[in-house]
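Observations on the three-dimensional arrangement
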Amino acid sequence: MTEPCIRLQERARVEEQQQRRYLGKETTVGRKSQVVVPNMKGRLAVITGASDGIGYALASRLARAGADLVLPVRNLDKGRRAVEQIRALAPGTDIELLTMDLSSLQSVADCAERLLQAGRPINVLINNAGVMSPPHRQKTADGFELQWGTNHLAHFALSARLLPLLKAGGARVTTQSSVSAQMNGINWNDLNFEKSYSESKAYSQSKVANLMFGLELERRSRAAGWGISSNASHPGVTPTNLLRAQPHMGRSRDTLGFRMVETCSRLGLLNRTAEEGMLPALYAATHPQAEGGKFYGPSGFLHLSGAPAEQKVYRPARDADEAARLWDVSEKLVGVQFATR
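What counts, and where the lines are drawn
Numbering of residues starts from 1 in each chain and follows the order in which that chain's sequence is written. Totals for whole chains, interfaces and linings use all residues, but because this is a predicted model, local features are given only for residues with pLDDT of at least 70 and pairs of side-chain atoms are given and counted only at 80 or more. To get the side-chain values, all heavy atoms of the structure are used, and hydrogens and water are removed first. Working definition: helices are DSSP H or I runs of at least four residues, strands are E runs of at least two. Numbering for both runs from the N terminus. Each residue's exposure class comes from its accessible area (1.4 Å probe, protein chains only) as a fraction of the maximum for that residue type: buried when under 20%, exposed when over 50%, partly exposed otherwise. Any two residues whose heavy atoms approach within 4.5 Å are treated as being in contact. Each accessible area is a Shrake-Rupley result for a 1.4 Å probe, and residues are judged covered by the shown protein chains and nothing else. Stacked, tilted and edge-to-face pairs are distinguished by plane angle, under 30 degrees for stacked and over 60 for edge-to-face with tilted covering the rest, among Phe, Tyr and Trp rings (Trp via its six-membered ring) whose centres lie within 6.5 Å. Distance and angle both matter: a charge sits over a ring if NZ of Lys or CZ of Arg is within 6 Å of the ring centre and within 35 degrees of the ring normal. Every helix has an expected span of 1.5 Å times one less than the residues it contains. Directions from the helix axis toward the C-beta atoms define the arc. Any N or O atom pair separated by 3.5 Å or less is treated as a polar contact, with the protein-specific requirement of one donor-capable and one acceptor-capable atom, and with residues adjacent in sequence counted only for side-chain atom pairs. Two strands qualify as a pair provided that DSSP identifies no fewer than 2 bridges between them. A carboxyl oxygen of Asp or Glu within 4 Å of a side-chain nitrogen of Lys or Arg is what we treat as a salt bridge. Whenever a helix is involved, its axis is fitted only over the stretch in contact; in every case the axis is a line through C-alpha atoms, and angles between N-to-C directions fall within 0 to 180 degrees. For this classification, under 35 degrees means roughly parallel, over 145 means roughly antiparallel, 65 to 115 means roughly perpendicular, and everything else is oblique. Residue polarity is assigned by list, with Asp, Glu, Lys and Arg as charged and Ala, Val, Leu, Ile, Met, Phe, Trp, Tyr, Cys and Pro as nonpolar; anything else, Gly included, falls into the polar class.

- As recorded by an unreviewed UniProt entry, the protein carries the name SDR family oxidoreductase and is attributed to Mycolicibacterium iranicum.

**Here we look at the overall build of the protein**
- Scanning the protein from N- to C-terminus turns up 11 helices and eight strands.
- Across the 341 residues that make up the protein, the buried fraction comes to 53%.
- Once local pairs closer than 6 in sequence are excluded, the contacts in the protein between residues at least 24 apart make up 74%.
- On the protein, roughly 15500 Å² of surface is accessible, and the fraction owed to carbon and sulfur atoms is 48%.

**A word on the packing of aromatic side chains**
- Here the structure, examined in full by the defined rule, presents nine aromatic pairs.
- On the basis of an interplanar angle of 75 degrees and a centroid distance of 5.2 Å, the ring pair of Phe-156 and Phe-338 is categorised as edge-to-face. With Phe-156 in helix H5 (residues 146-161) and Phe-338 in the segment after helix H11 (320-334), this pair connects stretches of sequence that are 182 residues apart.
- Overall, the relative accessible area of 1% leaves Phe-156 in the buried class.
- Centroid distance Trp-226 to Phe-338: 6.0 Å. Interplanar angle 20 degrees. Geometry classified as stacked. Residue Trp-226 is found in the loop between helix H7 (199-224) and strand E6 (229-233), and its partner Phe-338 is found in the segment after H11; the two are separated by 112 residues along the sequence. Phe-338 matches Trp-226 in its accessibility class, with the two residues each being buried.
- Three or more aromatic residues joined by ring pairs make a cluster, and in this case those are Phe-156, Phe-213, Trp-226, Trp-327 and Phe-338.
- The aromatic ring of Trp-188 is capped on one face by Arg-325, whose charged end is 3.9 Å from the ring centroid.

**Some details on unusual backbone geometry**
- One non-glycine residue, Ser-133, adopts positive backbone phi at about 55 degrees.
- Within the fold, Ser-133 resides in the loop between strand E4 (124-127) and H5.
- The phi dihedral of Phe-193 is positive, around 50 degrees, even though this residue is not glycine.
- Note that Phe-193 resides in the loop between strand E5 (172-176) and H7.

**Brief notes about helix H3 (residues 76-89)**
- In this model, H3 (14 residues) spans 20 Å end to end at C-alpha, consistent with the 20 Å of a helix rising 1.5 Å per residue.
- Those residues of H3 not exposed but buried are Gly-79, Ala-82, Val-83 and Ile-86. One face of H3 carries all of its buried residues, which in axial projection span an arc of 105 degrees. Opposite the packed face of H3, turned more than 90 degrees from it, sit the exposed residues Glu-84 and Ala-88.
- Among the structural elements, helix H2 (53-64), strand E2 (68-73) and strand E3 (95-99) are those in contact with the buried residues of H3.
- Its side-chain oxygen placed 3.0 Å from the backbone nitrogen of Asp-77, Asn-75 serves as the N-cap of H3.

**A few points about the pairing of strand E7 (residues 295-298)**
- One ladder, built from two bridges, connects E6 with E7; its direction is parallel. Bridged to Ser-233 within E7 is Tyr-296.
- Two strands pair when backbone bridges link them, and E7 and strand E8 (residues 308-310) are joined in this way by three bridges, in the antiparallel orientation. Looking across to E8, one finds that Gly-297 is bridged to Ala-309.

**Topic: the pattern of salt bridges**
- Under the definition given, this model contains eight salt bridges.
- Measuring nitrogen to oxygen at the nearest pair gives 2.9 Å for the salt bridge that ties Lys-78 to Asp-52. On the criterion of sequence distance, the pair formed by Lys-78 in helix H3 and Asp-52 in the loop between strand E1 (44-47) and H2 is long-range, its members being 26 residues apart.
- Note on Lys-78: relative accessible area 28%, which makes it partly exposed.
- Among the charged side chains, a network of salt bridges with common partners joins Glu-216, Arg-219 and Arg-220.

**A look at the packing of H7 against H11**
- Direction vectors running N to C along H7 and H11 enclose 95 degrees, while the axes themselves pass 9 Å from each other. The angle between H7 and H11 falls in the class roughly perpendicular. Seen from H7, the contacting residues are Ala-209, Met-212, Phe-213, Glu-216, Leu-217, Arg-219 and Arg-220; seen from H11, they are Ala-320, Glu-322, Ala-323, Ala-324, Leu-326, Trp-327 and Asp-328.
- Taken together, the residues of the contact of H7 with H11 break down into nine nonpolar, no polar and five charged.

**Here's the deal with the side chain of Asn-231**
- Looking at the secondary structure, you find Asn-231 in strand E6.
- Judged by relative accessible area, Asn-231 falls into the buried class, the value being 0%.

Put into structure tokens, the structure is as follows:
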């Protein structure tokens with residue numbers, strides 16, 4: 001067992017003992033939870049990054065609740081396998097698989113245009129897909145640092161282009177952030193990390209931006225009367241493919257971070273599966289009590305795992321003026337504006 005996992009296990013044990021003493025000896029402090037999803041029959045959900053991991057788990061659960069799905073994916077082969085598996089779990093599910101590479105704003109525009117031409121209102125949009133920590137600075141097709149461009153700017157552009165369908169569907173938009181969003185702010189002097197690249201700081205910036213965007217979209221929707229509800233979520237820590245070996249990301253082997261996450265997950269200190277990690281986003285996107293302008297994540301030790309619950313917004317994302325600044329900068333960078341009418 002690694003030293004960090006031992007320390008985490010001890011801290012979790014002490015916290016659980018304190019909670020038991022506070023709540024009473026007969027109280028069990030559990031880490032697993034199920035989210036009751038309302039009947040989604042006839043409702044359309046668009047989920048990015050649904051070919052595996054948390055996105056796939058979200059799509060599977062919404063399909064079992066009766067939702068129709070649109071799954072924009074970069075890798076069509078993985079997407080087709082995911083569709084087959086979802087239909088095996090929820091026979092008869094209406095699923096449309098679309099090509100969309102979030103590292104290309106043209107690809108995002110093309111995918112959005114397909115949906116706009118079809119004209120069907122969108123009831124749920126989950127901005128879930130992302131890339132994490134390439135060891136060397138990489139760029140999107142449009143010249144942005146890969147994590148900034150993929151995780152934030154592409155989802156910002158997608159949401160802006162889909163606004164007419166989101167308004168028509170009275171949509172709930174949930175944007176996936178991360179626990180890393182509490183560590184750093186927006187690097188205003190070097191948004192693309194051209195002067196000095198840090199894989200962790202660049203990832204953190206993209207996740208702060210995701211959180212700020214989710215909250216700012218709610219504020220703008222209320223002000224403009226768009227009828228959209230927007231919130232944000234984070235999955236805690238889950239052993240998904242984000243940190244696995246990915247040659248196209250410059251990683252020939254699984255990262256040390258992934259191996260530590262796997263070890264701690266086996267000990268029950270972190271989410272064990274994507275099905276556990278997806279619960280906060282599932283709650284945020286579907287539960288009747290989930291609200292716009294809120295942030296949801298796991299309720300367990302250090303918010304790394306456990307049942308979904310409302311969280312305090314991380315300090316780097318609390319400033320509404322900075323969120324408005326980010327919005328204006330993002331519109332300029334992607335060349336798309338949210339229509340005011």
